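Take a look at the letters that make up each chain.
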Amino acid sequence: MITVDFNLFPVGPGDRVLDLGCGGGRHAFEVYRRGADIVAFDQNVADLAEVETMFAAMRHEGEAPEEARAETVKGDALDMPFDDASFDRVVAAEIFEHLPHDTAAMAELFRVLRPGGIAAVTVPSFLPERLCWALSEEYHTNEGGHIRIYTRAELEAKLKATGFEIGPHHHAHALHAPYWWIKCAVGTDRDDHPLAKAYHDMLVWDMLKAPAVTRVAERLLNPVIGKSVVVYVRKPHDA
């Protein structure tokens, strides 16, 4: 499930890209397929092991150009083990809502991005997230959960204060928002609930088949209930 629009976030051979808080690696894999050098960065050792296994499988199956490099690095988003201006592009997908010191992490992102480089920052959208919080306390109080809800204006203000130039934005994954509302209503750990399971099966079918009817519906609904908002920012050339 890709959140970033690679038409607005072009990557390719010769680019060095950081996937900050890579999680399961969904964006890292797409960057690798496009021929850029990718560093998948996270503090979760188990996630990084799975990402490394997938990188190896992609190399073996020829799913990425031979000259592209892929690696995993463990570390803290507030103190990354990279030199200044190390990356041409940075993806920060669904990470800042987890961090108590989000502006410090934004400053680290700014530091490791080269002047003129682009970052794609995604967080949960305000309205879908607010409904999740209203339906379930467990959703946002569990360990490692979401600790804040951003408006797009707030996110962009924090990024601008860090030094970034604000670019375009869009919303994504409208069809996923009702799934999380259902989960919050019936219990976040109730994957076996008939309604949650039925909706989940529909989402899997949609991701595998991508029928025109759901693609059109999601495009129309994204500005209203898109689960994620994506903001593209640039580090000034004179930074």
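Computed from a prediction, not measured in an experiment: that's the story for all the values here.

Undergrad: Just to check I follow, could you spell out unusual backbone geometry for this structure?
TA: One non-glycine residue, E94, adopts positive backbone phi at about 55 degrees. By the element assignment, E94 lies in the loop between β4 (87-93) and α3 (102-112). At A210, a residue that is not glycine, the phi angle is positive and equals roughly 45 degrees. Structurally, the position occupied by A210 is in the loop between α8 (194-209) and α9 (212-225). Judged by relative accessible area, A210 falls into the partly exposed class, the value being 41%.

Undergrad: Would you explain α9 in this entry?
TA: The periodicity of an α-helix, 3.6 residues per turn, causes residues three or four positions apart to be oriented the same way. The end-to-end C-alpha distance of α9 is 19 Å, a good match for the 20 Å that 14 residues give at a rise of 1.5 Å each. Where α9 bends most, at R219, the angle is about 30 degrees, and the proline P223 comes one to four residues later. On its buried face, α9 sits against α4 (126-135), β6 (165-172), α7 (177-186) and α8.

Undergrad: Whenever I open this one, the side chain of D102 confuses me. Can you help?
TA: Looking at the secondary structure, you find D102 in helix α3. A distance of 2.7 Å separates polar atoms of two side chains, one belonging to D102 and the other to K158. Beyond its immediate sequence surroundings of up to four residues, D102 is in contact with F96, R148, Y150 and K158.

Undergrad: Got a minute to help me understand the UniProt feature "domain: Methyltransferase type" (unreviewed entry) in the protein in this structure?
TA: As recorded in UniProt, the feature "domain: Methyltransferase type" (unreviewed entry) lies at residues 18-120. With 35% helix and 28% strand, residues 18-120 has its two end C-alpha atoms placed 11 Å apart.

Undergrad: Explain a nonpolar patch on the surface to me, please; I cannot follow it from the model alone.
TA: Taken together, M1, V204, M207 and L208 make up a surface patch of nonpolar side chains, about 390 Å² in accessible area. Here M207 lies in helix α8. Looking at M207, the relative accessible area reads 45%, which means it is partly exposed.

Undergrad: Can you help me understand the state of the cysteines in this one?
TA: By definition, a disulfide links the sulfur atoms of two cysteines through a covalent bond. A full pass over the atoms with the stated rule returns zero disulfides. The closest cysteine sulfur to the non-disulfide-bonded C132 is located on C184, 3.9 Å from its own sulfur.

Undergrad: Would you mind showing me how to read the packing of α3 against helix α6 (residues 152-162) here?
TA: For any two helices packed against each other, the geometry is given by the interaxial angle and the distance between the axes. Where α3 contacts α6, the two axes come as close as 9 Å, and the packing angle between them is 50 degrees. Comparing their axes, α6 and α3 come out oblique. For the crossing formed where α3 meets α6, the hand is right-handed. Of the residues in α6, those touching α3 at D102, T103, M106, A107 and F110 are L155, K158, L159 and T162. Among the residues forming the contact of α3 with α6, the class breakdown is five nonpolar, two polar and two charged.

Undergrad: Would you take a moment to explain the nonpolar core for this structure?
TA: Generally speaking, nonpolar side chains in soluble globular proteins are found buried as a group. Of all hydrophobic cores here, the largest spans 30 residues; its most connected members are L18, L20, F82, F96 and L109. Sorting the residues of this core by element identifies β1 (16-20), β2 (37-42), β4, α3, β5 (113-124), α6 and β7 (228-234) as the ones contributing at least two each. Counting residues per element, this core draws most heavily on α3, which supplies five residues. The residues contacting F96, other than those within four sequence positions of it, are D102, A105, M106, L109, V121, V123, R148 and Y150. Counting 26 residues, the second-largest nonpolar core is a separate cluster that includes F9, V51, A64 and A68.

Undergrad: How should I be thinking about α6 in this particular structure?
TA: Among the residues making up α6, those that are buried are L155, E156, L159 and T162. The buried residues of α6 occupy an angular sector of 115 degrees when projected down its axis, which confines them to one face. Opposite its buried face, α6 presents the exposed residues A153, K160 and A161, each directed more than 90 degrees away. Looking at the packing, one finds that the buried side of α6 touches α3, β5, β6 and β7. G163 sits one or two positions beyond α6 and adopts a positive phi of about 125 degrees.

Conventions adopted
Residues numbered from 1 in each chain as written. Predicted model: local features only at pLDDT ≥ 70, side-chain atom pairs only at ≥ 80, totals over all residues. Heavy atoms only, no water. Helix = DSSP H or I, 4+ residues; strand = E, 2+ residues; numbered from the N terminus. Buried < 20%, exposed > 50% of the residue type's maximum accessible area, 1.4 Å probe, protein only. Expected span 1.5 Å × (residues − 1). Bend = angle between axes of the 7 residues up to and from the residue. Contact = heavy atoms within 4.5 Å. Polar contact = N/O pair within 3.5 Å; in protein donor to acceptor, adjacent residues only side chain to side chain. UniProt positions renumbered as here; feature names shortened; annotations may be inferred. Patch = residues over 30% accessible without salt bridge, like charges linked within 9 Å, V, L, I, M, F, W, Y side chains within 5 Å. Areas by Shrake-Rupley, 256 points an atom, 1.4 Å probe, with all protein chains shown as cover. Salt bridge = Lys/Arg side-chain N within 4 Å of Asp/Glu carboxyl O. Disulfide = S-S within 2.5 Å. Axes fitted to C-alpha atoms, helices over the stretch in contact; angles between N-to-C directions. Parallel < 35°, antiparallel > 145°, perpendicular 65-115°, else oblique. Left-handed = near helix turned anticlockwise from the far one by under 90°. Nonpolar A, V, L, I, M, F, W, Y, C, P; charged D, E, K, R; others polar. Core = buried A, V, L, I, M, F, W, Y, C linked by side-chain atoms within 4.5 Å. Arc of directions from axis to C-beta.

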